[in-house]
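Given next are the chains, with one letter for each unit.
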Amino acid sequence: MFGGNYVFTSESVTEGHPDKVCDQISDAVLDEVYKKDPPLKNNFRCRVACETYITVGLLIVGGEITTEAYIDVQDLARNVIKDIGYTHVKYGFNYQTCGILNAIGRQSPDISQGVGRKGKKIGAGDQGLMIGYACNETKELMPLPITLAQELTLRLAQVRKKNILKYIGPDGKSQATVRYEDGKPVSVEKIVISTQHTEDSVDKKTGNLAKWAKDEIIETVILPIVPKKLLKKFSFKKDCYINPTGRFVVGGPQSDTGMTGRKIIVDTYGGMAPHGGGAFSGKDPTKVDRSACYMARYIAKNIVAAGLADKCMIELAYAIGVAEPVSIMVDSLGTGVSDEKLEKAVRRVFDLTPRGIIEMLELHRPIYCQTAAYGHFGRKEFRWEKTDKAAALKAAIK
């Protein structure tokens, strides 16, 4: 697929999608624990594995947390829901009136004894395989379809919060379909926007989203995001689907149950690369299914930034309680120097133990809630998106 002619689609969801509401609350709990019980001071004694479930009028926060800090889960969750935009009954969910249940327990001591170590060593918080990916399709070194999809949903949130489009609700989705020729993106084939909206944007005759509202979404959401050079053969009449069912007034938790960790492809590479299966949100970085995915992306991005490959996929695998990875794989997908040389260079440059990853990527900070919507990768505000190891990787190639 990576070297031929094909079309590829990726999707994204807004911060008001029920699954993303849950991701943000789970990560807000993690951030609060890290603010009040700093991991570097307590030698990573605190552990967080927080899960959230949301449905009509109800939120349940559960999981396993070990900390000496007091976390007001109810207040924290209500503030997240408020910031997202569920502030009125017209959106089907209200931060002030929803019920919130706290079902958090403590981490199993059997897991804890494998992760905690005397001195500076930390064992991996779980077993599993983690995938990182990078390519030179965009300035972020991300696949173009997921980049466009994420930017479209982020733009939906911007026009809503800035009151540019006053009828837009918090829940929404996007899809971007891109045509590739000889493995390179050349045009956008289809765009899908599904956005929650209020009754005042409905055509009274059809009961569906009015044409004038669709036209405004094209003008204010799609055109500012998708480059014109990719739309040369694009027809907004035939190739653009805005609320294809016609109507999306009932949205959010009123229409769809949400849970933490159900948007793992949205969170990563939009399906362009494999996924190890582990979700991110609500997990502290001793859980390598989060932190090692960040490290794998960091490695892949630096390899591409160094010009050692046009595309690169990294796999790291761990055993629970063991610090060193059980395997490291580097695959340049036939676009770079030999994979064997790249693997040796990676081993020379990067410390792939949990503590090494945490310290190199500065994962001991309360940064996680901002990762929980619009993708964990391709965003310059995160440490794992830097390309400061490119020169070291070049030098390590022998």
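See above for the structure.
Residues numbered from 1 in each chain as written. Predicted model: local features only at pLDDT ≥ 70, side-chain atom pairs only at ≥ 80, totals over all residues. Heavy atoms only, no water.

A. Representation of the overall build of the chain within the structure. Of regular secondary structure, the chain possesses 10 helices and 13 strands. In terms of overall dimensions, the chain is globule-like: its C-alpha atoms have a radius of gyration of 22 Å, near the 21 Å expected for 398 residues. In terms of overall dimensions, the chain has C-alpha extents of about 70 × 55 × 25 Å along its principal axes. Within the span of the chain, comprising 398 residues, buried residues form 57% of the whole. Restricting the contact set of the chain to residue pairs at least 6 apart, pairs at least 24 apart contribute 72%. For the chain, the computed accessible surface area is about 16,800 Å², with 50% contributed by carbon and sulfur atoms. In the chain, the 56 positive side-chain charges and the 47 negative ones have mean positions that sit 4 Å from each other. (Helix = DSSP H or I, 4+ residues; strand = E, 2+ residues; numbered from the N terminus. Rg over C-alpha atoms; globule rule 2.2 N^0.38 Å. Buried < 20%, exposed > 50% of the residue type's maximum accessible area, 1.4 Å probe, protein only. Contact = heavy atoms within 4.5 Å. Areas by Shrake-Rupley, 256 points an atom, 1.4 Å probe, with all protein chains shown as cover. Lys, Arg positive; Asp, Glu negative; His and termini not counted. Charge placed at Lys NZ, Arg CZ, Asp CG, Glu CD.)

B. Quick peek at the packing of helix α4 (residues 144-161) against helix α5 (residues 211-222). Taken N-terminus to C-terminus, the directions of α4 and α5 make an angle of 110 degrees; their axes are 9 Å apart at the nearest point. Compared by their axis directions, α4 and α5 come out roughly perpendicular. Contacts between α4 and α5 pair Leu152, Arg155, Leu156 and Val159 from the former with Thr220, Val221 and Ile222 from the latter. Tallied by class, residues from the contact of α4 with α5 come to five nonpolar, one polar and one charged. (Axes fitted to C-alpha atoms, helices over the stretch in contact; angles between N-to-C directions. Parallel < 35°, antiparallel > 145°, perpendicular 65-115°, else oblique. Nonpolar A, V, L, I, M, F, W, Y, C, P; charged D, E, K, R; others polar.)

C. Molecular detail of α5. When the terminal C-alpha atoms of α5 are compared, their 15 Å separation across 12 residues agrees well with the 16 Å that a helix rising 1.5 Å per residue should span. Looking at α5, one finds that the buried residues are Ala213, Ile217, Ile218, Thr220, Val221 and Ile222. Tucked into the core, α5 has its buried residues touching α4, β8 (168-181), β9 (184-197) and β10 (240-242). (Expected span 1.5 Å × (residues − 1).)

D. Representation of the pattern of salt bridges. Inspection of the entire model under this criterion finds 25 salt bridges. Close ionic contact of Glu32 with Lys36 constitutes a salt bridge, the shortest N to O distance being 3.4 Å. Residue Glu32 and its partner Lys36 are located together in helix α1 (residues 18-36), separated by four residues, close to a single helical turn. What makes Lys36 partly exposed here is its relative accessible area of 44%. (Salt bridge = Lys/Arg side-chain N within 4 Å of Asp/Glu carboxyl O.)

E. Highlighting helix α9 (residues 354-361). Across the eight residues of α9, seven count as buried, placing the element largely inside the fold. When we look at burial in α9, the residues that qualify are Pro354, Arg355, Gly356, Ile357, Ile358, Met360 and Leu361. For α9, the secondary structure elements touched by its buried residues are α7 (288-305), β12 (311-318) and α8 (339-349).

F. Spatial organisation of the sheet that holds strand β7 (residues 128-135). On the basis of which strands lie adjacent, the open sheet formed by three strands has the order β7-β12-β13 and antiparallel pairing. Either end of the sheet is taken by a strand with one partner, and the two such strands are β7 and β13 (327-331). Between one strand and the next, the sheet's axes are offset by a mean angle of 10 degrees, whatever the strand orientation. Note that β12 and β13 share five bridges and pair antiparallel. Across the sheet, Ile314 pairs through a bridge with Val330, a residue of β13. (Pairing = 2+ DSSP bridges.)

G. Spatial organisation of the pairing of strand β3 (residues 58-66). In the sheet, strand β2 (residues 47-55) pairs with β3 via nine bridges, with the strands oriented antiparallel. Within the sheet, the bridge partner assigned to Val48 lies in β3 and is Ile65. The antiparallel hairpin formed by β2 and β3 contains two residues in its connecting segment, where Gly57 sits at a positive phi of about 70 degrees. Relative to strand β6 (residues 99-105), β3 runs parallel, the two being bridged by seven bridges.

H. Main features of the nonpolar core. Judged by nonpolar contacts, the single largest core of 113 residues is most densely connected at Met295, Ile303 and Phe350. For this core, the leading source of residues is α7, giving 11 residues. Not counting residues up to four positions away in its chain, the partners in contact with Phe350 are Met295, Tyr298, Ile299, Met360, Lys389 and Leu393. (Core = buried A, V, L, I, M, F, W, Y, C linked by side-chain atoms within 4.5 Å.)

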